[in-house]
Amino acid sequence: MRESVSVTRGFKIYRGVVLVVLGAFVLIPLYVMATSSLKPLKDVQGAFTWWPSNLTLAPFVDMWKTVPLARYFVNSTIVSVVATVFSVAIAILAAFAVSRFRFRGRTVFTTTVLSTQMFPGVLFLLPLFLIFVNINNQFGVQLVGTRLGLIITYLTFSLPFSIWMLAGYFDSIPRELDEAALVDGCGPLGALWRVVLPAARPGVIAVAIYSFMTAWGEVLFASVMTTEANRTLSVGLRQYSTQTNIYWNQIMAAALVVSIPVVIGFLLAQRHFVAGVTAGAVK
């Protein structure tokens, strides 16, 4: 009995130490970012101090003037929201078909969808760029340097994972619910809309959060597929670095501001996100 109590106490101490270390690992960089955003530029470039000696909100004001941050914010919002909406809509239909129907090529399709996650995204950069250029040459549809091209690019990232996770989540929903809806006069799409989707809300929210975060923070493809007019936040933050100076305090302030939408959305939907990821992954 004493040994059990000792083990339990030792585990609690070990768990507390691990949580403190992990918390410090996460919170210290955020603290440095926050305090640096409240310092004048000369203080940030000088000797490091844990607390600003001259607090100022000027970086949060100047960051909108140094670079067109508002335009980048609008571009990122449009691209991320549209990519998320299309990713969720297409993934729902594809995952429902994979989960509820048996058709020729189903195994090949699911294997292909899942296997795309094995390769790094950089391998698709040149092929996508060449495809977009050829589409422009053949059909006159401009995709390189447009929001539409960036949205299509992000769909190629988020759709495979979204389909795989939602298919697993739909598999965990009893088929008797579909059968009851069909008996009541609903078609397959009616059963999906009225019965399956309400039960799969955590999975849908998890897919939406994943798609949005993928599009919001992506850098590599955005740096190649965009121009100054439609540049996104992840690429636009680099504009605070010029040939003569680096506005570290404004970079930190802008990084805090652009992180707010993602942080708020994740906190609001955290419970659904965890449930959706767990159910989809386990299945």
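Reference entry: report on the structure contained in this document. Quick caveat: nothing in here was measured; it's all calculated off a predicted structure.

### Some thoughts on the overall build of the protein chain
Move 1: Broken down by element type, the protein chain carries 14 helices and 0 strands.
Move 2: The secondary structure elements of the protein chain, listed N-terminal to C-terminal, are α-α-α-α-α-α-α-α-α-α-α-α-α-α.
Move 3: Its C-alpha atoms give the protein chain a radius of gyration of 24 Å, more than 25% over the compact-globule value 19 Å for 283 residues.
Move 4: Taking the principal axes of the C-alpha coordinates as reference, the protein chain spans close to 80 × 70 × 35 Å.
Move 5: Burial status across the protein chain gives 35% buried among its 283 residues.
Move 6: Counting only contacts in the protein chain whose residues sit at least 6 apart along the sequence, the fraction spanning at least 24 positions is 75%.
Move 7: Carbon and sulfur atoms make up 70% of the accessible area of the protein chain, which amounts to about 16500 Å² in all.
Move 8: Here the protein chain carries 20 positive and 10 negative side-chain charges, and the mean point of each set is 5 Å from the other.

### A few points about the environment of T226
Move 1: Checked against the element boundaries, T226 lands in the loop between α11 (220-225) and α12 (233-236).
Move 2: For T226, a relative accessible area of 10% gives the class buried.
Move 3: Taking the C-alpha atoms as reference points, T226 and R147, 79 residues apart in sequence, are found 7.6 Å from one another.
Move 4: Within the structure, the side chain of T226 is placed 2.3 Å from the backbone oxygen of A222, a separation counted as a polar contact.

### Focus on the packing of helix α10 (residues 201-217) against helix α13 (residues 248-268)
Move 1: One can describe the packing of α10 onto α13 by two numbers: an axis separation of 11 Å at closest approach and a directional angle of 170°. Classified by the angle their axes make, α10 and α13 are roughly antiparallel. Where α10 abuts α13, its residues I209, F212, M213 and W216 lie against V258, P261, V262, G265 and F266.
Move 2: Grouping the constituent residues of the contact of α10 with α13 by class yields 8 nonpolar, 1 polar and no charged.

### Quick notes on the pattern of salt bridges
Move 1: The full count for this structure, using the stated rule, is 3 salt bridges.
Move 2: A salt bridge links R71 to E228; the shortest N-O distance between them is 2.8 Å. With R71 in helix α4 (residues 69-100) and E228 in the loop between α11 and α12, this residue pair connects regions lying 157 residues apart in the sequence.
Move 3: When its relative accessible area of 34% is taken as the criterion, E228 is described as partly exposed.
Move 4: Across the pair R100 and D178 runs a salt bridge whose closest N-O atoms are separated by 2.8 Å. With R100 in helix α4 and D178 in helix α8 (residues 175-183), this residue pair connects regions lying 78 residues apart in the sequence.
Move 5: Residue classification places R100 among the buried positions, given a relative accessible area of 12%.
Move 6: We classify D178 as buried; its relative accessible area is 8%.
Move 7: Connected through shared salt-bridge partners, R71, E228 and R231 make up one network.

### Examining the packing of aromatic side chains
The way to describe two aromatic rings as a pair is by their centre distance and the angle between their planes.
Move 1: Per the counting criterion, the structure on display carries 10 aromatic pairs.
Move 2: For the pair F157 and F221, a centre-to-centre distance of 4.7 Å together with 75° between the ring planes defines the contact as edge-to-face. Of this pair, F157 sits in helix α7 (residues 147-171) while F221 sits in helix α11; the two residues are 64 residues apart in sequence, bridging distant segments of the chain. For the residue pair F157 and F221, the accessibility class agrees, reading buried in each case.
Move 3: Their ring planes at 45° and their centres at 4.5 Å tell us that F161 and Y210 sit as a pair that is tilted. Here F161, found in helix α7, pairs with Y210, found in helix α10; they are 49 residues apart in sequence, far enough to count as distant.
Move 4: An aromatic cluster is defined as three or more aromatic residues linked by ring pairs; in this entry it consists of Y31, F48 and W50.

### What to know about α10
Move 1: With 17 residues, α10 should cover 24 Å at 1.5 Å per step; its first-to-last C-alpha distance of 24 Å lies within 8% of that length.
Move 2: Those residues of α10 not exposed but buried are P202, G203, V204, A206, V207, I209, S211, F212, A215 and W216.

About the cut-offs
Throughout this document, residue positions are counted from 1 along each chain, in the order its sequence is written. Selection of residues for local features in this predicted model requires a pLDDT of at least 70, selection of side-chain atom pairs for listing and counting requires 80 or more, and totals for whole chains, interfaces and linings are taken over all residues. Water and hydrogen atoms were dropped before computing side-chain values, which therefore reflect all heavy atoms in the structure. Helical segments are the DSSP runs of H or I of at least four residues, strand segments are the runs of E of at least two, and each set is numbered from the N terminus. Between the two quantities, the radius of gyration covers C-alpha atoms and the globule rule is 2.2 Å times the number of residues to the power 0.38. Accessible area is worked out with a 1.4 Å probe on protein chains only. A residue is then buried under 20% of its type maximum, exposed over 50%, and partly exposed in between. The contact definition used throughout considers only heavy atoms, calling two residues in contact when any of these lie within 4.5 Å. Computed with the Shrake-Rupley method and a 1.4 Å probe, the accessible areas treat only the protein chains shown as cover for residues. In summary, the charge assignment counts Lys and Arg as positive and Asp and Glu as negative, without counting His or the chain termini. To locate a charge, take atom NZ for lysine, CZ for arginine, CG for aspartate or CD for glutamate. The definition of a polar contact used here is a pair of N or O atoms within 3.5 Å, where within protein one atom must be able to donate a hydrogen and the other to accept one, and adjacent residues in sequence count solely through side-chain atom pairs. The angle between two axes is taken between their N-to-C directions and runs from 0 to 180 degrees, where each axis is a line fitted to C-alpha atoms and a helix contributes only its stretch in contact. Roughly parallel covers angles under 35 degrees, roughly antiparallel covers those over 145, roughly perpendicular covers 65 to 115, and oblique covers all other angles. Amino acids outside the nonpolar list (Ala, Val, Leu, Ile, Met, Phe, Trp, Tyr, Cys, Pro) and the charged list (Asp, Glu, Lys, Arg) are all regarded as polar, and Gly is one of them. In the sections that follow, a salt bridge refers to a side-chain nitrogen of Lys or Arg positioned within 4 Å of a carboxyl oxygen of Asp or Glu. Only centres within 6.5 Å qualify two rings of Phe, Tyr or Trp (six-membered ring in Trp) as a pair; their planes then separate them into stacked at under 30 degrees, edge-to-face at over 60, and tilted for everything else. Multiplying 1.5 Å by the residue count of a helix minus one yields the expected span of that helix.

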